[in-house]
Number of protein chains: 4
Amino acid sequence: MLNCAVIGATGYTGSELTRLLLAHRNVRITHLTTRQEKHIPLAEVLPSIPKDVDLRITPYDFEDVKKKADLVFLCLPHTEAMTTGDRFLQAGKIVIDLSADFRLKNPALYPEWYGVDHAFPARLRQAVYGLCEVNRKKIKKADLIANPGCYPTGPSLALWPLFKKKMIRTDFVIINAASGVTGAGKKLVAATQYCEANENYNAYKVNRHQHIPEIEQNCSEAAGKEVLITFIPHLLPVSRGILSTIYVEPSKKTLTGEAIRKVLEAVYSQDPFVRIKPAGQFPSLKDVRGTNFCDIGVSLDSRTGRLVILTAIDNLLKGASGQAVQNMNIRCGFPEGAGFV
Amino acid sequence: MLNCAVIGATGYTGSELTRLLLAHRNVRITHLTTRQEKHIPLAEVLPSIPKDVDLRITPYDFEDVKKKADLVFLCLPHTEAMTTGDRFLQAGKIVIDLSADFRLKNPALYPEWYGVDHAFPARLRQAVYGLCEVNRKKIKKADLIANPGCYPTGPSLALWPLFKKKMIRTDFVIINAASGVTGAGKKLVAATQYCEANENYNAYKVNRHQHIPEIEQNCSEAAGKEVLITFIPHLLPVSRGILSTIYVEPSKKTLTGEAIRKVLEAVYSQDPFVRIKPAGQFPSLKDVRGTNFCDIGVSLDSRTGRLVILTAIDNLLKGASGQAVQNMNIRCGFPEGAGFV
Amino acid sequence: MLNCAVIGATGYTGSELTRLLLAHRNVRITHLTTRQEKHIPLAEVLPSIPKDVDLRITPYDFEDVKKKADLVFLCLPHTEAMTTGDRFLQAGKIVIDLSADFRLKNPALYPEWYGVDHAFPARLRQAVYGLCEVNRKKIKKADLIANPGCYPTGPSLALWPLFKKKMIRTDFVIINAASGVTGAGKKLVAATQYCEANENYNAYKVNRHQHIPEIEQNCSEAAGKEVLITFIPHLLPVSRGILSTIYVEPSKKTLTGEAIRKVLEAVYSQDPFVRIKPAGQFPSLKDVRGTNFCDIGVSLDSRTGRLVILTAIDNLLKGASGQAVQNMNIRCGFPEGAGFV
Amino acid sequence: MLNCAVIGATGYTGSELTRLLLAHRNVRITHLTTRQEKHIPLAEVLPSIPKDVDLRITPYDFEDVKKKADLVFLCLPHTEAMTTGDRFLQAGKIVIDLSADFRLKNPALYPEWYGVDHAFPARLRQAVYGLCEVNRKKIKKADLIANPGCYPTGPSLALWPLFKKKMIRTDFVIINAASGVTGAGKKLVAATQYCEANENYNAYKVNRHQHIPEIEQNCSEAAGKEVLITFIPHLLPVSRGILSTIYVEPSKKTLTGEAIRKVLEAVYSQDPFVRIKPAGQFPSLKDVRGTNFCDIGVSLDSRTGRLVILTAIDNLLKGASGQAVQNMNIRCGFPEGAGFV
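Residues numbered from 1 in each chain as written. Chains lettered and ligands numbered in written order. Predicted model: local features only at pLDDT ≥ 70, side-chain atom pairs only at ≥ 80, totals over all residues. Heavy atoms only, no water.

## So, the overall build of chain A
The secondary structure content of chain A amounts to 13 helices and 15 strands. Relative to the globule expectation of 20 Å for 341 residues, the C-alpha radius of gyration of chain A, 20 Å, shows essentially globular dimensions. With respect to the principal axes defined by its C-alpha atoms, chain A has extents near 60 × 45 × 40 Å. By residue count, 64% of the 341 residues in chain A fall in the buried class. Long-range pairs, those at least 24 residues apart, make up 69% of the contacts in chain A with a sequence separation of at least 6. With 43 positive and 33 negative side-chain charges, chain A shows a spacing of 5 Å between the two charge centroids. (Helix = DSSP H or I, 4+ residues; strand = E, 2+ residues; numbered from the N terminus. Rg over C-alpha atoms; globule rule 2.2 N^0.38 Å. Buried < 20%, exposed > 50% of the residue type's maximum accessible area, 1.4 Å probe, protein only. Contact = heavy atoms within 4.5 Å. Lys, Arg positive; Asp, Glu negative; His and termini not counted. Charge placed at Lys NZ, Arg CZ, Asp CG, Glu CD.)

## Quick word on a positive patch on the surface
Residues and elements named next belong to chain A. A contiguous patch of positive charge, built from K105, K138, K164, K166 and K225, is present on the exposed surface. Within the secondary structure layout, K166 lies in the loop between helix 8 (150-164) and strand 9 (168-179). By relative accessible area, K166 is classed as exposed at 54%. (Patch = residues over 30% accessible without salt bridge, like charges linked within 9 Å, V, L, I, M, F, W, Y side chains within 5 Å. Areas by Shrake-Rupley, 256 points an atom, 1.4 Å probe, with all protein chains shown as cover. Salt bridge = Lys/Arg side-chain N within 4 Å of Asp/Glu carboxyl O.)

## Looking at the interface of chain A and chain C
Often the size quoted for an interface is simply the accessible area lost on bringing the parts together. Contacts between the two partners involve 16 residues from chain A, matched on the other side by 16 residues from chain C. Note on chain A versus chain C: buried area summed over both sides is about 1,400 Å², and carbon and sulfur give 57% of it. Of all residues in chain A, Q193(A), Y194(A) and C195(A) bury the most surface against chain C, accounting for 48% of the area lost on that side. Scanning the region where chain A abuts chain C turns up 0 salt bridges. If you look at where chain A meets chain C, you find 10 residue pairs in polar contact (both at pLDDT 80 or more). Considering every element that reaches the side of chain A that touches chain C, the biggest residue donor is helix 9 (residues 194-197) of chain A, with 3 residues. (Buried area = accessible area lost by both parts, 1.4 Å probe. Polar contact = N/O pair within 3.5 Å; in protein donor to acceptor, adjacent residues only side chain to side chain.)

## Side note on the pairing of strand 12 (residues 242-250) of chain D
All names here are of chain D. Summarising burial for strand 12: 9 of the 9 residues are buried, a large majority. Of the two faces of strand 12, the one carrying I242, S244, I246, V248 and P250 and the one carrying L243, T245, Y247 and E249 are both buried. Inspection of the sheet shows strand 9 (residues 168-179) paired to strand 12 by 8 bridges, in the antiparallel sense. If you follow I168 over to strand 12, its bridge partner there is P250. The pairing of strand 12 with strand 15 (residues 307-313) spans 7 bridges and is antiparallel. Across the sheet, the residue bridging to V248 is L307, located in strand 15. (Pairing = 2+ DSSP bridges.)

## Describing the sheet that holds strand 3 (residues 40-41) of chain A
Residues and elements named next belong to chain A. Pairing is mixed in the open sheet, where 8 strands are placed in the order 3-4-2-1-5-6-8-7. In the strand order of this sheet, the two ends are held by strand 3 and strand 7 (128-129), each with one partner. Here helix 4 (residues 81-90) sits on the sheet and contacts strand 1 (2-7), strand 5 (71-74), strand 6 (94-97) and strand 8 (144-146); the angle it forms with strand 5, its principal contact strand, is near 180°. (Axes fitted to C-alpha atoms, helices over the stretch in contact; angles between N-to-C directions.)

## Structural notes on the interface of chain B and chain A
Of the residues lining the interface, 45 residues belong to chain B; the matching set on chain A comes to 45 residues. When chain B packs against chain A, close to 3,700 Å² is buried across both sides, 56% of that on carbon and sulfur atoms. When the buried area of chain B at its contact with chain A is split by residue, E199(B), Y201(B) and R303(B) rank highest and sum to 19% of it. At the junction of chain B and chain A, the tally comes to 6 salt bridges. The salt bridge partner of R289(B) is E199(A), with a shortest N-O separation of 2.7 Å. Applying the counting rule to chain B against chain A returns 26 residue pairs in polar contact (both at pLDDT 80 or more). Broken down by secondary-structure element, the contributors of at least two residues to the side of chain B that touches chain A are strand 9 (168-179), strand 10 (202-203), helix 10 (212-223), strand 11 (230-235), strand 12 (242-250), helix 12 (285-288), strand 14 (294-300) and strand 15 (307-313) of chain B.

## Focus on the packing of helix 7 (residues 132-139) of chain C against helix 13 (residues 317-332) of chain C
Residues and elements named next belong to chain C. Packing of helix 7 against helix 13 leaves a shortest axis separation of 10 Å and a crossing angle of 35°. As for the relative orientation of helix 7 and helix 13, their crossing is right-handed in sense. Mapping the contact onto sequence places C132, E133, R136 and I139 in helix 7 and K318, Q323, Q326, N327, I330 and R331 in helix 13. Split by residue class, the contact of helix 7 with helix 13 holds 3 nonpolar, 3 polar and 4 charged. (Left-handed = near helix turned anticlockwise from the far one by under 90°. Nonpolar A, V, L, I, M, F, W, Y, C, P; charged D, E, K, R; others polar.)

Now the structure itself:
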C-alpha cells in the first residue's frame, strides 16, 4: 500500500483525485489537507463517498504529512506549489504537482505568462512532464512529475506523433478549444455564476491564455524546432469536458487523412486511455465524461488540403486528476489502469 | 399595411418570424400555413402571443395566399422552396425565402451540397442575397430575396469589408462555429434529444456542411477572386445562438489589429444591427440572445501575426427570421429597425 | 410622457425593468441609479439595447431624482427600500417598490421573517399591495405600490378567487414551488455557481422562506380568516421562471375540477395577463418565459378528492419587473398591456 | 462467477446496468441483447467502457440465453416483460425484472394503470418486490424479483418505517416529485427534445401516473391499511435524478421532527445506501448523482404541524439499475455494496 497525501483537497481537482484514490486498491490516503483552519468532513466536498468512509480534510501540516506520506499530490493554485513542492522533494517524497509550477522548462516563461518569477528554477530541469503516453519511461524514474494542464493534454497527445514523424507543418497550428466550467475552479467570480454561463458561450483570454507556452513547449519538443501556435479557449455551458478542434496542414500534399489516422492508431494501440476514432467518426464530450480517455478523430479536407483533428477529454480526469493517478500508477509500478473502473 | 404570409409557420424560424410580424406596426398577417392537413392554434407553437390574438395556422392553399398576400415568407425545408418560390414570383409577389434554395449563384453547387438539381436555375440569377448590410441597395429593388444561412451571416459580415479592402489573405480562412440546438430544426432525431445534447459538445458534418459554398461565395465576391475556406460546425448545449471564431491572416505584416477593428467600426457605424466590440472585448451568446444584432470582436496575435475575429448572432433572429424582417423593411421602405423592440 | 427613475438598475429586476421601460411609449427614463460610485454604461448590464441608446447608470443622487422623476421604481435589496421609499413619498413621488419592504400589513412580521424592525410602519397601512388583477381599483389611486414577491404572485392569483368564493378549505394549502436561478439575485454565492446549480435540484429555506407570510396575508385577506400554509421553494437549473404546484381541498365534495376551472376562467376572462389552461392542459415555464403571463391549470383527483393547481410565471416579469410596469400602467391610466410586445 | 444476461441492453437502464455488471467482480456477462436484428458494439451505447472490452449487443435468442445464463435482468418496456419473464422462470433462471410487470400484487391494477391485462397473474404472487432495505429477507430466496420503479423508491424508503411505526397519518400523503429526462427513456418524442426540455419545467401525467398504485401498495402494506396518495411528477431539465418532496402529517401532535428523523436514522443505520441527512440539511440531486444512495431529509413545520420529507436518488441507479444490482447482490450472497465504487 502506497501512502498518499492530497495537499489541497477541497477544490474540483483535489476532490476528484480523492475520489479516485479512495477506489484505488494500492493506495492508502494519509492526508487530505486544506489551507483553511478548520476540519471539513470529506462528504461535504465529495458527497458520493460511501457512508462508512469517515475521512476529514484537515489544516495543512507539513511535518505530519512528511512523517506519513510517501507520495504527495499538490492541488494548489498556480504559483503556490513551487515552494511546497520543493519542500517535499527535499524531504525525499515523490511529488505529483497538478499546478503549472513545474511544467515549463524555460524559467523566463513564468514571469511572462504567470506573472511571477520561479522560486526554484533548478526544479524545472528536474521535473518530468507527466504526459503519460509520451513520457512513460521518464515518469517511471521521476520524483517530481509535472501533471499536464487540462487544455494541453488533448492537443499534445494528438500532435506529438505527427510532429515527431514530420507529418505536419510546424508553422500552422491553430487550436480552438472549449471547456466546461469546472475548468475555472471553485472561486466565486461573475463569469461562472449560473445565470452568466447558462445558455452562453464565449471566448476568453483571447491570445493570452497561460496554456499557450505549455502547448508550444510540447509541440516544439516533438518537432525538434520552435513551434508557435494560435490557441483560443472558450467557456462551454457544461460542467465537465474539453473539446479541442485543431487545424493543421500536412507537410506533404500526398499524405491522406487515413494515413495520418492510422499513424495515430498505431502509436496509441497499446495505450489504455487513448482511443482513435474510426474514419468519419469524431469525439464528443459525452463519450469521455467521467472517464480517463482522450478520444481523437481526424479529417482531411481534400478541397483545402487542411487537416482537422478533434480531441476530447474530461478536464477533471485525463485533464487533471485522472492523469495524476495514471502518473502515480506508472511511477509506482501499478497497472496503468488501476483505480479506474 | 403590408399583407404578409408565412409559408411554413410551425417550425422554429416560422414561429419566430410570426412573433416578429405580430409586433410589426406596418404588417398585417394574411396567412400562416402548414403542410399538415389540420388547423393549429398559433398559441400551440407560439405560447407567448397575447391572449386576444386568435390566429390559426392553416393548411397551405396557394390560390388563397395569392389572393391576399403581397409579400410571402418561405420557411420551408431546403429543396422544397424552389417550386413554391417560383410560383409566387410568377404570381407577382415579393418572395423572401429563408431556405438555401436561392442563395447560391452557381447551379452546379446544388447537386454537390444539397443532393438535388436546381429546378429553376434562372431564378438564381434573379435572386438577391439578403445580407442586409452588404446588399442593401439591391435588396430595395429585389422581388426574390434569398435570406442568408445562419452560419454564413456572422462570418460574412465580418470578412466582407476585409476582403473588399484587401486587408486579409484569400488563402487562409478557418471558421470554427458553434450553434445552439434550434439550428437543427424541430424534427425528431437522436442528436437533438435532451439527454444526448445536454452536457455535450461535438463537431458534426466535419468538412462537409452545406453552408461552406455559401460562405465561399460571399468571400469570393468580396475578394474578387475564388476563396476556399475551412469550416467546422459544432453543436452547443444551448437553445439559441451561434458564435464563430474565425482565423485569418492580414495581407500585410504592418496591419495592426486595431486598424482592422477600426475599419469594421467605420464600415458598420450607421448600421443598427452590427456592433463592433471595443478593443479587448469579445462577443458572447448572451449579449445577442433575443436580438437581431451581430456582434464582432477582433484580436491580432503579435506572436504569430494571426488575426482572430469572433462573431455572435442569435441564429433564429439575425441568422434567420430577424434578418428576414430586416430584408422586408429594406425592401418595403420601412425603417430598418421596425418590428424590433 | 411619464418621467420615471429606476433606483437600483444593475440587478436582474432593475435591468429587466429598464428594458421594459425603454420599449414603453409613454415613458421617459430620467435616471438609472446604482449604489456604486461609478458610471456604468447601460449596455454593460443590458446588452440587448439598441446601438443608439446611450444611457448610463449613475451614482444615486436623491435630489436630482426628486427634481426630474414623477414615478420612482425601487429595485433595492429587502430592508433598504424602507427609508428611500419614505423619502420619495415625502417628496410627492409615486413609488413602486419591488422589494418586500411595504408588502406586509403587520409590522411584527418584519423582525420575524426579515430580521429587522420596520422603520416606517405607518407606510405599511398606506401601501397598496400591487397584485394587479386583484387590487386594480386601489392601485389606480395609490402613491405607494408594494409590488408582489415572485413566489406569491402565481399562487395568490390562483387561490384568491377560490378563497373569496369559499370553494376551498382554509386549513389545507400546500405550495411546492420551483424557481430559476435569477430568483436568487446577482450576488456571488456558492449555491448559484454554475457547477453547483447545473444538473442539480434541491429545496432550500425549508419551512422558513420569507414569502410565507406574504402568501398567508393574501390567502387570509381573500378568505376572510387566517390561513396558514406550507410552502417549500426549490432551486431549478434554469435562468428564469417559477412553477408552483399547489395542493388544496375543495370545501365541498360536490365541487368538480371543471367547475373550479371555469370559475377561474370567468374571473380572469378580461385580464390580459392571466390565462387559464383548458381542462387537461397544464402550464410550463417555456410558455411564459419572456412574457408577463401567469398561466394556471387545474386538476381534481377523483380518487382522493384533492385539487392540484399549477401556476407558471416568468419570475423577472410577472414575478417582478413586468408586474411593476403593469402597476404603473394601471396607476397612470395607460393601457394595461402597454410596454409589452 | 455468476453468469448474467441483460435482455434489452440498448436503453438507458440496460446500458447503465451493463456498466455496473462490467465492474462487478462476481459477474460474467453472457448476453447483452436487443430486439433489433443487428449486432451493436457495446461502445456505441456505452462509450465509457475500457478499450479492451469487446462486447456486442446481439439479437435476442431465448435458447442461447437459457443455455448460458443463471440470472437474467429484464430491461424491457412495460407489458413486454411478462411473457419473457415467465419463460425464463420456467427455465429455472433467476429473474430480476426492471419493468413494472411484476410489481403490483393486484392484477386488476394492470388494465387500469397500464392498459393491459396481466398475462401471468400467478407470477404476481410469486414475485418479491425488490425494495432492498425493506424486503431483504424475502429477496434472498426469490427467483422473481420485481425491481421497484424510479419514482416509488425514494418515497417508499422514507415512508415505510413511519407507517410501520404508526407515526404518520394514512389519509395525508402528497408527493411532489421531479425527475431528470432519462426517466422518459430513449424513444424520440417531442417532450424530450433538447429545445423543449431545456430551460423548461412542468408537471405531466397529472393525477394519472402509473407509479401511483405502486407507491400506494407500498404505503398500504407498511401501514396495514389502505393508503391513497396524491402524486404529481414533473420533468426537470437535468439528465439524471429524482427529488421527491413529501408532505405528510404526524399521527400525534407531540411528535417532533427530530424524533422522526432519528427513527429513520436508526432504521437505516446499517444500510450502505440510505443516508439520513442531519437536522436542518436536505438532499440534492448532485449529492446522489452517479451513486446508489437514497438521501433523506426531514423538517417539521411547527406553525402548521406538517412534516416535509425530501428524498433524492439517481433514477438510473437506486431508481433502476443500481437497485437491480443490489438485489442481485442480496439474492446471490455477494456483499450488498459489491459492484459499486
